[in-house]
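Structural description and commentary
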Amino acid sequence: MSDAVGPGDLVLCVNAAPNHVTGEAVPLVAGETYRVWTVMDFACPCGRSDALLDIGVDFAWCQSRFRLLPKPKAQSKPRKAAAPREKERVR
């Protein structure tokens, strides 16, 4: 997944279990999206992933906790047609 994830991408937290190295509770919330700041190509100590993600919460997290969200597609918004304004003549 580290090849597909890059800075600025949105990821979905799918695993907010305690830290698998220290056992401490994590500040992540399952089901919330986070924006990736950097991708660090270091193998996670758990052996589940080949990169750590920095999402701005604490330090870095195993990428196995996240799923990459698809990039939003551009949507066209209907615009109002500019109609000429009628001026009222005053005599």
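Residues numbered from 1 in each chain as written. Predicted model: local features only at pLDDT ≥ 70, side-chain atom pairs only at ≥ 80, totals over all residues. Heavy atoms only, no water.

1. Some points on the sheet that holds strand 6 (residues 66–68)
Sheet architecture is open: 3 strands sit in the order 2-1-6, paired in antiparallel fashion. Of all strands in the sheet, those with a lone pairing partner are strand 2 (33–35) and strand 6, marking the two edges. Strand-to-strand twist in this sheet, taken as the mean axis angle between neighbours without regard to direction, amounts to 35 degrees. Direction of pairing for strand 1 (residues 10–13) relative to strand 6: antiparallel, over a ladder of 3 bridges. (Pairing = 2+ DSSP bridges. Helix = DSSP H or I, 4+ residues; strand = E, 2+ residues; numbered from the N terminus. Axes fitted to C-alpha atoms, helices over the stretch in contact; angles between N-to-C directions.)

2. Points about the pattern of salt bridges
Scanning the entire structure with this criterion turns up 1 salt bridge. Between D9 and K71 there is a salt bridge; the shortest N-O distance is 2.8 Å. Residue D9 is found in the segment before strand 1, and its partner K71 is found in the segment after strand 6; the two are separated by 62 residues along the sequence. (Salt bridge = Lys/Arg side-chain N within 4 Å of Asp/Glu carboxyl O.)

3. Structural notes on the state of the cysteines
Each disulfide consists of a covalent bond between the sulfur atoms of two cysteine residues. Taken as a whole and judged by the stated rule, the model has 0 disulfides. For C13, which is in no disulfide, the shortest distance to another cysteine sulfur is to C62 and amounts to 11 Å. (Disulfide = S-S within 2.5 Å.)

4. Examining the packing of aromatic side chains
In the structure shown here, the tally under the stated rule is 1 aromatic pair. Between Y34 and F66, the aromatic rings sit 6.3 Å apart at their centres with planes inclined by 80 degrees, giving edge-to-face as the arrangement. Of this pair, Y34 sits in strand 2 while F66 is found in strand 6, placing the two residues 32 residues apart along the sequence. Its relative accessible area of 11% is what places Y34 among the buried residues. Since its relative accessible area comes to 0%, F66 is described here as buried. (Phe/Tyr/Trp six-rings, centres within 6.5 Å; stacked < 30°, edge-to-face > 60°. Buried < 20%, exposed > 50% of the residue type's maximum accessible area, 1.4 Å probe, protein only.)

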